[in-house]
There are 2 protein chains.
Amino acid sequence: MPDGSTKKPSRIQRRNRRVILDAALDVFSRHGYRGATLDQIAAEAGLSKPNILYYFDGKEDIHVTLLSQLMDTWLDPLVEMKPDGDPVEEILAYVRRKLDMARELPRESRLFAGEILQGAPRMRPELEGHLKPLFDEKCALIATWIEQGRLPPLDPRHLIFSIWATTQHYADFETQVSLLMDGESDTHASAARHLETMFRKFLSMP
Amino acid sequence: MPDGSTKKPSRIQRRNRRVILDAALDVFSRHGYRGATLDQIAAEAGLSKPNILYYFDGKEDIHVTLLSQLMDTWLDPLVEMKPDGDPVEEILAYVRRKLDMARELPRESRLFAGEILQGAPRMRPELEGHLKPLFDEKCALIATWIEQGRLPPLDPRHLIFSIWATTQHYADFETQVSLLMDGESDTHASAARHLETMFRKFLSMP
DNA sequence: GAAAATTTTTACCATTTGGTAAATCCACGA
DNA sequence: TCGTGGATTTACCAAATGGTAAAAATTTTC
């Protein structure tokens, strides 16, 4: 019993669970939850379908496991935004990390986007448990910076939304972006310059 | 033959096609293309499944028809951005229209988002035929404004991406936004103020 | 190296789902 | 009002899909 058991997982178990989750990330991020099939995941993982179900309780279990495991990685850039240092540089560094993450982990970005888009039917507990507290904490931090006169008055929540939206856009809407950016050699670099300029100007004191 | 025919559609045909498309918009935007079923659409439309297939050639036909018909509405705010008037005000008015559209037509926003997210498998021709030319035209317009010294130097393409991303975010990620904005009475109003401030500052001459 | 435990495969199954054929219903103009 | 063509329903079907049982193969343990 490789899943819910209390025993420590064997080497084979760790390897296969990892292989399955990686294949599932691929398939789920490309086709969404309903659009993905166990057969596709099995083929991508190089395992048989029943073998997949030997390691996970079912399709939903794979999806939920993926989302849970990814949540930490996903929130890490925001965790790294600390009270020390210059507020503007802290926030701009966050923007940079978030944009880098959109480039390096587009599958993860699309997986989350698809889940949220459909009302987060399988992720709401994770959102409330992990995202919400972190979000509130960082909003409070930004509010402090504003009170101290180190940032212009602004709504921290909408600032964070704008950072999420503009950075993840390059992963989630990659199809559209590359269609419209044809001829551009390095979209990521120009996007980074644009966002740096935009948010620096927005965050500068009048 | 109510679909591909050359005859003019009867009143019943127009009504039922409209009812079906509205139901399909609901279902597709909530569950994505693969997640939506003809039975769901039929139930939502108050018609039987074979009756639905009497008006459309199949599931994909409904989806493609929806996307095509919506494209014009969707691009309208950008069409309205004209060379006359102050550049900053023109762009800010565009931001406002786009945000209003996200509030008034969230289903449409999510439908497009889901389609792009999965690589636009059923919309690429529409994108190349309608979106791309309009995008290029408006980028050229913004570039002109910059050359005239009426806007600071910036990349028009990334500016438009940022406008799309920040406004559509409130529709596409509504689940997340409302979870994190609990206690806010009017998210739309505060979002409007935030985006107005942010883009006005970004577009102001140094 | 045999027994025990774990892993993988083979052969299925029930349900869902997109779609069809044909019979039936019904609105409307002559 | 009656016939006709458009509209709707009933009864299906084939393929896809999530999942299972049990045998077979493999690895691990003693």
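Throughout this document, residue positions are counted from 1 along each chain, in the order its sequence is written. By the order in which they are written, chains take letters starting at A while ligands take numbers starting at 1. Per-residue local features of the predicted model are confined to residues with pLDDT of at least 70, and side-chain atom pairs are confined, for both listing and counting, to 80 or more; whole-chain, interface and lining totals are unaffected and use all residues. Hydrogens and water molecules were not included; the side-chain quantities draw on all heavy atoms of the structure.

### Things to note about the UniProt feature "DNA-binding region" (unreviewed entry) in chain A
- Within this structure's numbering, the places UniProt gives as "DNA-binding region" (unreviewed entry) are residues 37-56 of chain A.
- By definition, any uninterrupted DSSP run of H or I lasting at least four residues is a helix, any uninterrupted run of E lasting at least two residues is a strand, and each is numbered from the N terminus. Taken end to end, residues 37-56 of chain A comprises 75% helix and 0% strand; its first and last C-alpha atoms sit 14 Å apart. UniProt positions are given in the numbering used here, feature names are shortened, and annotations may be inferred rather than shown by experiment.

### Brief notes about helix α7 (residues 124-147) of chain A
- Any helix carries an expected span of 1.5 Å times its number of residues minus one. Between its first and last C-alpha atoms α7 of chain A spans 32 Å; for 24 residues at 1.5 Å apiece the expected length is 34 Å, and the two agree.
- Of all the positions in α7 of chain A, only E126, L127, L131, K132, L134, F135, K138, C139, L141, I142, W145 and I146 of chain A are classed as buried.
- Contacts are assigned to residue pairs with any non-hydrogen atoms lying within 4.5 Å of each other. Residues of α7 of chain A that are buried in the fold lie against α4 (59-79), α5 (87-104), α6 (106-117) and α8 (156-172) of chain A together with α9 (174-180) of chain B.
- Looking one or two residues past α7 of chain A, G149 of chain A carries a phi angle of roughly 75 degrees, positive in sign. When accessible area is computed with a 1.4 Å probe and restricted to protein chains, residues below 20% of their type maximum are described as buried, those above 50% as exposed, and intermediate ones as partly exposed.

### Quick notes on the interface of chain A and chain B
- Each partner contributes to the interface: chain A provides 54 residues, whereas chain B provides 55 residues.
- Of the roughly 4900 Å² buried between chain A and chain B on both sides combined, carbon and sulfur atoms contribute 67%.
- Whenever a carboxyl oxygen of Asp or Glu lies within 4 Å of a side-chain nitrogen of Lys or Arg, that contact is scored as a salt bridge. Seen at the junction of chain A and chain B, the total is four salt bridges.
- Notably, a salt bridge pairs R157 of chain B with E184 of chain A, separated by 2.8 Å at the nearest N-O pair.
- Definition of a polar contact: a pair of N or O atoms within 3.5 Å, with one able to donate and the other able to accept a hydrogen when the atoms are protein atoms, and with sequence-neighbouring residues admitted only if both atoms are side-chain atoms. Counting across the interface, chain A meets chain B through 20 residue pairs in polar contact (both at pLDDT 80 or more).
- Those elements that provide at least two residues to the side of chain A that touches chain B are α1 (11-35), α6, α7, α8, α9 (174-180) and α10 (187-203) of chain A.
- It is α8 of chain A that provides the largest number of residues to the side of chain A that touches chain B, a total of twelve residues. Buried area: the accessible area, evaluated with a 1.4 Å probe, that two parts lose upon being put together, summed over both parts.

### Brief notes about unusual backbone geometry
- Positive phi outside glycine occurs at A120 of chain A, with the angle close to 50 degrees.
- By the element assignment, A120 of chain A lies in the loop between α6 and α7.

### Describing the UniProt feature "domain: HTH tetR-type" (unreviewed entry) in chain A
- The UniProt record annotates "domain: HTH tetR-type" (unreviewed entry) at residues 14-74 of chain A.
- Across residues 14-74 of chain A one finds 87% helix and 0% strand; the C-alpha atoms that close the span lie 22 Å apart.

### Section: helix α7 (residues 124-147) of chain B
- Two axes enter the definition of the bend at a residue: one is fitted to the seven residues ending there, the other to the seven starting there, and the bend is the angle between them. Along α7 of chain B, the largest kink reaches about 35 degrees and is centred on L131 of chain B; proline P133 of chain B follows within four residues of it.
- Those residues of α7 of chain B that are buried lie in contact with α9 of chain A together with α4 (59-79), α5 (87-104), α6 (106-117) and α8 (156-172) of chain B.

### A look at the packing of α6 of chain A against α8 of chain A
All names here are of chain A.
- Only C-alpha atoms enter the line fits that serve as axes; for helices the fit covers just the stretch in contact. Angles between N-to-C directions range over 0 to 180 degrees. Where α6 contacts α8, the axes come no closer than 8 Å and their chain directions differ by 105 degrees. Put simply, α6 runs roughly perpendicular to α8. Residue-level contacts link P106, S109, R110 and A113 of α6 to Q168, A171 and D172 of α8.
- Throughout, the ten residues Ala, Val, Leu, Ile, Met, Phe, Trp, Tyr, Cys and Pro are labelled nonpolar, Asp, Glu, Lys and Arg are labelled charged, and all others, Gly among them, are labelled polar. Split into classes, the residues belonging to the contact of α6 with α8 amount to three nonpolar, two polar and two charged. In what follows, roughly perpendicular refers to angles from 65 to 115 degrees, roughly parallel to angles under 35, roughly antiparallel to angles over 145, and oblique to any angle outside these ranges.

### Comments concerning the relation of the copies chain A and chain B
- Of the transformation superimposing chain A on chain B, the axial component is 0.0 Å and the angular component is 180 degrees, with the fit at an RMSD of 0.0 Å. Such a combination of turn and shift is consistent with a two-fold rotation axis. Considering only C-alpha atoms, the residue of chain A closest to the rotation axis is A165 of chain A, which sits at 2.6 Å.
- When the interface residues of chain A are mapped onto chain B, 100% of them are again interface residues, pointing to one common binding face. Least-squares fitting of one copy onto the other uses the C-alpha atoms of those residues that reach a pLDDT of at least 70 in both copies.

### Let's talk about the packing of α7 of chain A against α8 of chain A
Residues and elements named next belong to chain A.
- Viewed as axis vectors pointing N to C, α7 and α8 meet at an angle of 115 degrees, and their least axial separation amounts to 9 Å. The interaxial crossing formed by α7 with α8 has right-handed handedness. Residue-level inspection shows L131, F135, K138, C139, I142, A143 and I146 of α7 in contact with α8, the latter providing P156, R157, L159, I160, F161 and W164.
- Classifying every residue of the contact of α7 with α8 gives eleven nonpolar, no polar and two charged. By convention the crossing between two helices is left-handed if the near helix lies anticlockwise of the far one by an angle smaller than a right angle, and right-handed if it lies clockwise.

### Looking at the domain arrangement of chain A
Residues and elements named next belong to chain A.
- According to the domain assignment, chain A consists of domain 1 (11-56) and domain 2 (64-203).
- When each unit is reduced to the centre of its C-alpha atoms, the spacing between domain 1 and domain 2 is 28 Å.
- Contact with domain 1, which involves ten residues of that partner, is made by nine residues of domain 2.
- A combined buried area of about 860 Å² lies between domain 1 and domain 2, and 67% of that area is made up of carbon and sulfur atoms.
- Among the residues of domain 1 in contact with domain 2, L21, L25 and S29 are the three that bury the most area, contributing 58% of the side total.
- At the junction of domain 1 and domain 2, the tally comes to two salt bridges.
- The closest approach of N and O atoms between R107 and D26, which form a salt bridge, is 2.5 Å.
- Across the contact surface, domain 1 and domain 2 share two residue pairs in polar contact (both at pLDDT 80 or more).
- Per-class residue counts for the side of domain 1 that touches domain 2 are six nonpolar, one polar and three charged. These domain boundaries are the output of an automatic or database domain assignment.

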